[in-house]
Amino acid sequence: GALMTRIVSSELFKLRTTRTFYALVFSAVGIVLLITVAAALATDFTPDPGDFGDDPPRPEDLLGIGSFAQVFALIIGILAVTTEFRHGTITSSVLAVPDRVRLTLGKFGAGLVVGLLLGVVCVGVSTLLVVALLSARGVSTDFASGEVAYSILGGVLGVVLYTGLGVGVGAVVRNQVGAIVGSLVWLFVLESLLGIIPTVGDWVAEYGPGGAGSALGDASAERGSHTLDQLPAGLLLLGYCLVFLLAGIHLMRRRDISA
C-alpha cells in the first residue's frame with residue numbers, strides 16, 4: 001500500500017535524477033519522430049509492383065513506428081537496477097528497504113510508470129503524426145475500424161512491458177554492460193541469425209521477445225504467416241516480463257549484494 005507507493009516514488013526519483021535517463025528518453029522521442037516524419041513524407045505507396053514483388057509498402061505499415069521506443073525502454077529498465085550495483089548504492093537502498101522483494105517490485109513499478117509515459121509520447125504522437133502527414137499528402141488513411149486506436153494501445157503496452165522486461169533482465173544480470181549488450185545482441189543479432197534457420201526461425205519470429213514486441217504494436221489486419229495477433233503477443237511479452245522478474249527477485253534475495 002503506502003509503503004510500496006513510497007518505494008516506487010523513490011525509484012522514480014532515482015531514475016529522473018540521472019543524465020543517462022534523460023538522454024535515453026530524448027533519444028527515443030527524437031529517433032521515433034524523425035523516422036515517422038521521414039517515412040510518412042518519403043514513402044511511395046503507389047510504386048511499380050515489379051519493384052517490390054508481392055509486398056508493396058502500405059500506409060498501415062507506418063502505424064507501428066512508435067514501437068522503436070521499445071529498445072530504449074528496455075535499456076531504461078535495465079539501468080533502473082544495474083546502476084545501483086555499478087555505483088554501489090544498492091547497499092544503502094537495501095538498508096532503506098530491507099525487504100528485497102519489495103525493493104525489486106518497486107523498481108519494476110517505477111519502470112512501468114516510466115514506460116507508460118514514454119510509450120504515450122512516442123507511440124501516440126508518432127501514430128497521430130503518421131495519420132496527419134499521410135492525409136496532408138492525399139494518401140488514404142481509411143484504416144480498418146479501430147486500427148489507429150489498437151495501434152496506439154498495443155504500441156504503448158509494448159513499451160511498458162519492455163521497460164518491465166528490462167528491470168527483470170537487470171535484476172538477473174546485474175552487470176550493467178553485460179545486461180545491455182547481451183539484450184541488444186539477442187534482439188538485433190541472435191534473433192536475426194536464428195531467423196534464417198528453417199523451422200527454428202519461424203518459432204523465433206513468432207515467439208521471441210522481439211517478434212512479440214513487434215506484433216503487439218502492429219494492429220494491421222494483414223499479417224505475415226509467422227506473426228502473432230496483438231492479444232497473444234501481449235500475453236507472451238507479459239510472460240517474458242514475469243519470468244525475468246521472478247528470476248530476478250529470487251537472485252536478489254539470495255545474492256550477496258556487496259559482492
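Now for a look at the structure at hand. For every chain, the first residue of the written sequence is number 1, and numbering continues from 1 onward in sequence order. The predicted origin of the model limits local features to residues at a pLDDT of at least 70 and limits the giving and counting of side-chain atom pairs to 80 or more, whereas totals for whole chains, interfaces and linings rest on all residues. Remark: hydrogens and water are excluded; side-chain values derive from all non-hydrogen atoms of the structure.

### A word on a nonpolar patch on the surface
Okay, step 1: Within the patch definition used here, like charges are joined within 9 Å and nonpolar side chains (Val, Leu, Ile, Met, Phe, Trp, Tyr) within 5 Å, considering only residues with over 30% relative accessible area and no salt bridge. Methods summary: accessible areas were calculated by the Shrake-Rupley approach with a probe of 1.4 Å, and residue burial reflects only the protein chains presented. We define a salt bridge as a contact between a side-chain nitrogen of Lys or Arg and a carboxyl oxygen of Asp or Glu at a distance within 4 Å. On the surface, Val177, Val181, Val185, Trp186, Phe188, Val189, Leu190, Leu193, Ile196, Ile197 and Val200 cluster together into a nonpolar patch covering about 950 Å² of accessible area.
Okay, step 2: The dominant element in the nonpolar patch, judged by the number of residues it contributes, is helix H8 (residues 176-195), at 8 residues.
Okay, step 3: In this description a helix means any DSSP run of H or I spanning at least four residues, a strand means any run of E spanning at least two, and both kinds are numbered starting from the N terminus. Inspection of the secondary structure puts Leu190 in helix H8.

### Considerations on the packing of helix H7 (residues 147-172) against helix H11 (residues 230-254)
Okay, step 1: The axes used here are C-alpha line fits, helices contributing only the stretch in contact, and every angle between their N-to-C directions lies in the interval 0 to 180 degrees. Two numbers describe how H7 lies on H11: the axes approach to 7 Å, and their chain directions differ by 20°. Between H7 and H11, the crossing angle belongs to the class labelled roughly parallel. H7 and H11 meet at a crossing whose hand is left-handed. Of the residues in H11, those touching H7 at Tyr150, Gly154, Gly158, Leu161, Tyr162, Gly164, Leu165, Gly168, Val169, Ala171 and Val172 are Gln230, Gly234, Leu237, Leu238, Tyr240, Cys241, Phe244, Leu245, Ala247, Gly248, Leu251 and Met252.
Okay, step 2: Nonpolar residues are Ala, Val, Leu, Ile, Met, Phe, Trp, Tyr, Cys and Pro. Charged residues are Asp, Glu, Lys and Arg, and all others, Gly as well, are polar. Among the residues forming the contact of H7 with H11, the class breakdown is 16 nonpolar, 7 polar and no charged. Any angle from 65 to 115 degrees is called roughly perpendicular, while one under 35 is roughly parallel, one over 145 is roughly antiparallel, and all others are oblique. Crossing handedness is defined as follows: a turn of the near helix away from the far one that is anticlockwise and smaller than a right angle gives a left-handed crossing, while the clockwise case is right-handed. Contact definition: two residues touch when any of their heavy atoms are within 4.5 Å.

### Digging into the pattern of salt bridges
Okay, step 1: In this structure the tally under the stated criterion is 6 salt bridges.
Okay, step 2: One salt bridge connects Lys14 with Glu11, and the closest N-O pair in it is separated by 3.0 Å. Of the two residues, Lys14 and Glu11 are both situated in helix H1 (residues 2-16); the distance of 3 residues between them amounts to about one turn of the helix.
Okay, step 3: Assessed through its relative accessible area of 27%, Lys14 is described here as partly exposed.
Okay, step 4: The partner of Asp99 in a salt bridge is Arg102, and the shortest N-O contact between them spans 3.6 Å.
Okay, step 5: Using a relative accessible area of 35% as the deciding quantity, one classes Asp99 as partly exposed. Burial classification: accessible surface area is computed with a 1.4 Å probe over protein chains only, and a residue below 20% of its type maximum counts as buried, one above 50% as exposed, and the rest as partly exposed.

### Concerning H1
Okay, step 1: For a helix, the expected span equals 1.5 Å multiplied by the residue count minus one. Between its first and last C-alpha, H1 extends 21 Å over 15 residues, near the 21 Å set by a 1.5 Å rise per residue.
Okay, step 2: Within H1, the full set of buried residues consists of Met4, Ile7, Val8, Glu11 and Leu15. Here the buried residues of H1 occupy an arc of 95° about the axis, which is enough to place them on one side. Looking at H1, the residues exposed on the side facing more than 90 degrees away from the buried face are Ala2 and Arg6.
Okay, step 3: Here the buried face of H1 lies against helix H2 (19-42), helix H4 (69-87) and helix H6 (100-137). Note: the arc covers the axis-to-C-beta directions of the helix.

### Some words on the environment of Ala132
Okay, step 1: Its location among the elements puts Ala132 in helix H6.
Okay, step 2: Owing to a relative accessible area of 44%, Ala132 belongs among the partly exposed residues under this scheme.
Okay, step 3: When the C-alpha atoms of Ala132 and Ala39 are compared, they prove to be 13 Å apart, with 93 residues separating the residues in sequence.

### Some words on unusual backbone geometry
Okay, step 1: With a phi close to 70°, Thr199 is a non-glycine residue in the positive phi region.
Okay, step 2: With respect to the helices and strands, the residue Thr199 is situated in the loop between H8 and helix H9 (200-207).

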